Amino acid sequence: MDFKDSDQDAAFRQQVREWLAANALRRRDDEDLRTNESALLEYSKAWQAKKADARYACITWPEAWGGRGGRLIEQAIFDEEEEKLGLDTGVFTIGLGMCVPTVMAFADKATKARLVAPALRGEQIWCQLFSEPSAGSDVAGVRTRAVLADDGSGDWIVDGQKVWTSGAHYSDFGIVLVRTNPDVPKHKGLTMFWVDMKAQGISVVPIRQASDQRDFNEVYFNGVRIPDSQRLGEIDGGWKVALFTLMNERVTVGGAMGAGWRDLLKLAQGLPGLGGTGTAAGDGAFRARLAEGYVMSEGLRLTRLRALTALSRGQTPGPENSIGKVVAARQMQVVAYEALDILDQYGMVNEMGSHSLPGRFQWNFFWGAAMRIAGGTDEILKNIISERVLGMPADIRVDRDVTFKSLSERRASSG
Amino acid sequence: MNFDFSEEQVLLKEHARRLLEAECPSSVTRKVLEAPHLGFDKSLWKHVVELGWTGIAIPEEFGGTGMGHTDLCAIAEELGRVVAPIPFVSTVYLFAEAILQFGSEAQKRELLPRIAHGELIGCLATAEGPGYFSPGKAETRVVKGRMTGTKFPVTDGGTATHAIVAARSESGPGLFVVNLEGEGVSRTTLDALDPTRNLAKIAFEDAPCQPLDGGRNAGDRLAVLLNRAAVVVAFEQVGGAERCLEAALTFSSERYAFGRTINSYQAIKHKLADLYIKKEIARSNAYFGAWALSTNAEDLPRAAAAARIAGTMAYEFAAQESLQTHGGMGFTWEMDCHLHLRRSRQLALCLGALPLWREQLISCLEQADLIESGA
C-alpha cells in the first residue's frame, strides 16, 4: 500500500501543477467572491475559459467536444490540485457534471454543436429542473405538464412549478423533466427537454431559506412554449434520461464539507475549560466525541482514496463510495453542535456574516441540516445503500401499477 | 495511488477464506467454547502453521516467509471473519512482533524460528487486575534477572509457552521475556466472557527472565508494540463486522413477519446500511494503519489509534445489531450471533480499552497541530 501516483499519473500531476502555477487566477476565499455574486460569476467564467483553452475543463470528454479524452484518474488529479489552491467555485458543477452530458447523450447533432462548447467554456450556465413541491425524493411524481400546442406546430406548452433549483437565477439553460402522459403509471409518462431560461413564461423566484440565505429557487412555467427539437430522448421516455443524468454525478474527491474536526480542536484550544481550568480541549467527554468524529471524517477521506486507487487501476470504484454524503452531511451537523456547546452561551450569537471561526460552525449548523436533505436525503441514500449495495428488496410501491392521474385523484379524495 | 490490497494480497485473502470456510466453520469455534480447558483448537493451529501464517511477517533468515505486514493484515481479516479459536493475536501480532522489534540478535535466532514452526505460543502480560494499566506503576518487579509479581488477566496466558511481560526493574519499566514452562511460574485459568480465547492469571516468583531492550525507552516499547498489534487487530474487527453483516442479510431475507420478509422493512434496511457505513469507515482507517505499519511511518500512533477506534466501533455495532436483527433467535446459544458479541468485546479490550486509544488519538492530533502551527 502506498499513496504514490503511478509514473503516468505523476507526470500528469506535475504537468497540472506547473500549468496551475502559471495560470491560476486567484484564490476562492477572496472576500468579494463570497459576498458578491456578480464578482463570483465573472471570476468563475474567466477561470473556466482558461481551463477550456488548455483542455483541462472536462478532461474525460472526447477531444471533439473540447475535452482531452483523458482518464477518470486524470480528472480526479486535476480536481485535487485545483482544490488545494481553492480555485473552483462549483458554479459549473451541475451543468457540466449532469446536464450537459445528458444533452450530449440525447440531443441531435445541431443542438450539441450549438450548446456543448459554450457550456464547456463557461460562457453559459446550466441548471437542473427536476424537483417539485410534490416530487422530492419521489422525483418521478412530477406534475409539471407538457401538452402539444393546438396550432399543429409540434411545439409543447409547459405549465407547472419546479423547486430547489440551485443557480436557476443566473442560469442560461436548464434541463426539465415534465409529465406528458398522466394516463400511465408515473415513471412511464415523463419526458425530458432542454429549455432556455430566458424563454417567455419562465419566472425564477429565490427561496428564503431557514438560514435566511437565498441559494435555491422556485421556477414557474406559465404556458412556456418549447419546440419539439428541444426534446431529449423519447416522448414518455424521460425517466430513462433522468436516471442517466443522476448516474452522471462524477466521483467527488474534495474534502469534508464545512468546518471539520481539526477546526473544532483549534476552537476548543482557545476556549476556557470546565471549572475554570485549562482549555475546553481538555475535557474528557469532548475528547471522546472529537476522537470518534475524527475517525468518521478521516475514514471518509480515506474511502475516497480507495476510489482513486480503483480509478488509477482502470477499475470502477467500489460501492463504498455511496457512503460519502450521508456521512459528511451528518458530521457537519455533529461538529456544529459540539462547537456551539463549547462556546457555551456565546454559541447563541450569530457571526455567520463575519467568517470568524464561530461563524464557520454556525454555517455548519444550518448547512448540516440542509445537506442531509439536498441531493438525496439520508433516508433515500440509506435505501440506495441497502438496495443497490446490500441487495435488499426495494420498498413496496403502492403507486407502481396505477396511472398517475388516479394517484392524484386518490390523494385528493383522502386529503 | 495504491491504497488497497495488491492483486497478490487479494488472491492470498481468497485462498485464506476458502481454507478457513472448510477448516474453521463455527463448529470448530464452538468446540473451544464448550470445552474452554482445550485453550485453542490444535488442529486449526497446526493448519495455520503449515500454511506459514505464523511466520508471514518474520524474515526468511529467522525461519519465516518474509512476506510482510500487509499480508499479515490480509490474513487477519479472514481469521476475524471466522472467530478463529487460536492464539494468533497473542503469538503473532504481539509476541513475535515484540521479538522482531526489540529482541537481540540471539533472541531473534532462538525464538522467531520456533514461532514460524508453531512450537512456541506467545502472549503479552500487562494488566495487574481491574483498571487501566500504566507501565510506570507496574507492581511486577525484576531484580537481578528474576521476576516476581502477578499478572491477570492474560489472554492465552494458560496455553502460551512464553510471555512478554511489562514489569519494572532497577532501570525502570521495561519488557521481559519469560519461559512460562520454566521455574517460578504458576498459572490459573480464568473464566472468560469469550471462552474461545484462553484467559489466565500468572504468578511469577523469582522466575528467570530476559530483558527486551532494543532501541527505545520502556514506555515507548510497549506503546509501539500495542500500536503495531492494534492495526492488525483492526483487520480482524473489519472481518468480523463483515461476517455479522452477511449473517444479518441472510437471516432477514428468510424471516417473515406480517406477511413479508423482514429485510423489506426500512427499519432493518437502514440499520444494515448504518452497519455497512461503519464497516467501510473502519476498513478505510485500517488500510491507513496498514500503510503506516508496513512503512514504519511516524504517523503510526495516530493511524493505529484511528484504526482501533473505527474497528472497535464497527465490530461491536455489527455484533449488537446483527444479533438484534435475528430477534429472539439471536439470543440463543444455537445461533452464532453470541460468538461475535463475545469476540468483539474481547478484541475491544485485549489491547486496552477505547478510552485509552481515544486519548492517544487526540494527543497525536494536538501534537500534529503544534507542528502545523510552527509552535
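Since the structure is predicted, the reported quantities are computational estimates derived from the model, not experimental observations.

Student: Tell me about the UniProt feature "domain: Acyl-CoA dehydrogenase/oxidase N-terminal" (unreviewed entry) in chain B, and please be specific about residues and values.
Tutor: As recorded in UniProt, the sites labelled "domain: Acyl-CoA dehydrogenase/oxidase N-terminal" (unreviewed entry) are residues 6–119 of chain B. The span residues 6–119 of chain B is 66% helix and 0% strand, and its two end C-alpha atoms sit 31 Å from each other.

Student: How would you summarise the pairing of strand β7 (residues 199–208) of chain B if you had to cite specific residues and measurements?
Tutor: All names here are of chain B. Pairing of strand β3 (residues 146–155) with β7, which is carried by seven bridges, proceeds in the antiparallel orientation. When the sheet's bridge partners are listed, Met147 is paired in β7 with Ala207. The sheet contact formed by strand β6 (residues 185–189) and β7 spans five bridges and is antiparallel. The partner of Thr189 across the bridge, within β7, is Ala200.

Student: Give me the lowdown on the domain arrangement of chain A, citing residues and values where you can.
Tutor: Splitting chain A by domain gives domain 1 (7–91), domain 2 (126–247) and domain 3 (261–376). Centre-to-centre separation of domain 1 of chain A and domain 2 of chain A, based on C-alpha positions: 30 Å.

Student: If you had to explain the pairing of strand β4 (residues 173–179) of chain A to someone new, which residues and values would you point to?
Tutor: Residues and elements named next belong to chain A. Across the seven residues of β4, seven count as buried, placing the element largely inside the fold. Here β4 shows two buried faces, one formed by Phe173, Ile175, Leu177 and Arg179 and the other by Gly174, Val176 and Val178. Alignment of strand β1 (residues 126–129) against β4, held across four bridges, turns out to be parallel. Bridging from a neighbouring strand, Leu129 pairs with Val176 of β4. Judged from the seven bridges that link them, β4 and strand β5 (residues 190–196) form a sheet pairing that is antiparallel. Within β5, the residue paired with Gly174 across the bridge is Val195.

Student: Describe the packing of aromatic side chains, and please don't skip the residues or the numbers.
Tutor: This model, assessed by the stated rule, comprises 24 aromatic pairs over all chains. Consider the rings of Trp19 of chain A and Tyr56 of chain A, whose centres lie 4.9 Å apart with planes at 55 degrees: the pair is tilted. Of this pair, Trp19 of chain A sits in helix α1 (residues 7–23) while Tyr56 of chain A sits in the loop between α3 (37–53) and α4 (72–84), and the two are 37 residues apart along the sequence. Ring geometry for Trp19 of chain A against Phe78 of chain A: centres 6.4 Å apart, planes inclined by 45 degrees, an arrangement best described as tilted. Residue Trp19 of chain A is found in helix α1, and its partner Phe78 of chain A is found in helix α4; the two are separated by 59 residues along the sequence. On the basis of relative accessible area, Trp19 of chain A is assigned to the buried category, the value being 15%. Residue Phe78 of chain A is classed as buried on the basis of its relative accessible area, which comes to 1%. The ring of Tyr265 of chain B has Arg260 of chain B sitting right over it, with the charged end atom 4.0 Å from the ring centre. Above the ring of Phe317 of chain B, the side-chain terminus of Lys278 of chain B is found at 4.4 Å from the ring centroid.

Student: Please provide a residue-by-residue account of the side chain of Lys186 of chain A, values included.
Tutor: Residues and elements named next belong to chain A. Along the polypeptide, Lys186 turns up in the loop between β4 and β5. Note on Lys186: relative accessible area 4%, which makes it buried. For Lys186, the side chain forms a polar contact with the side chain of Asp138, separated by 2.6 Å. Polar side-chain contacts of Lys186 include one of 2.5 Å to the side chain of Asp399. Setting aside its immediate chain neighbours within four residues, Lys186 contacts Asp138, Ala140, Gly141, Arg179, Asp399, Val402 and Phe404.

Student: If you had to explain a nonpolar patch on the surface to someone new, which residues and values would you point to?
Tutor: Residues Leu243, Leu246 and Met247 of chain A make up a contiguous nonpolar surface patch of roughly 290 Å² in combined accessible area. Looking at where Met247 of chain A falls in the secondary structure, it is placed in helix α7 (residues 238–247).

Student: Could you give me a rundown of the domain arrangement of chain B, with the residues and numbers involved?
Tutor: All names here are of chain B. When cut into domains, chain B gives domain 1 (7–117), domain 2 (123–212) and domain 3 (218–370). Its C-alpha centre places domain 1 at a distance of 20 Å from the equivalent point of domain 3. Counting from both sides, the interface comprises 26 residues of domain 1 and, opposite them, 30 residues of domain 3. Of the roughly 2400 Å² buried where domain 1 meets domain 3, counting both sides, 65% is carbon and sulfur surface. Taken together, the connections running from domain 1 to domain 3 amount to four salt bridges. The shortest N-O distance in the salt bridge between Arg30 and Asp336 comes to 2.9 Å. In this structure, the connection of domain 1 to domain 3 is made through eleven residue pairs in polar contact (both at pLDDT 80 or more). Of all the secondary structure elements, the ones that give two or more residues to the side of domain 1 that touches domain 3 are α1 (7–23), α2 (26–34), α4 (69–81) and α5 (88–102).

Student: Could you give an account of the environment of Glu14 of chain B, with specific residues and numbers?
Tutor: Checked against the element boundaries, Glu14 of chain B lands in helix α1. Sequence spacing of Glu14 of chain B and Glu316 of chain B is 302 residues, and the spatial spacing of their C-alpha atoms is 25 Å.

Scoring rules and cut-offs
Residues numbered from 1 in each chain as written. Chains lettered and ligands numbered in written order. Predicted model: local features only at pLDDT ≥ 70, side-chain atom pairs only at ≥ 80, totals over all residues. Heavy atoms only, no water. UniProt positions renumbered as here; feature names shortened; annotations may be inferred. Helix = DSSP H or I, 4+ residues; strand = E, 2+ residues; numbered from the N terminus. Pairing = 2+ DSSP bridges. Domains from an automatic or database assignment. Buried < 20%, exposed > 50% of the residue type's maximum accessible area, 1.4 Å probe, protein only. Phe/Tyr/Trp six-rings, centres within 6.5 Å; stacked < 30°, edge-to-face > 60°. Lys NZ or Arg CZ within 6 Å of the ring centre and 35° of its normal. Polar contact = N/O pair within 3.5 Å; in protein donor to acceptor, adjacent residues only side chain to side chain. Contact = heavy atoms within 4.5 Å. Patch = residues over 30% accessible without salt bridge, like charges linked within 9 Å, V, L, I, M, F, W, Y side chains within 5 Å. Areas by Shrake-Rupley, 256 points an atom, 1.4 Å probe, with all protein chains shown as cover. Salt bridge = Lys/Arg side-chain N within 4 Å of Asp/Glu carboxyl O. Buried area = accessible area lost by both parts, 1.4 Å probe.

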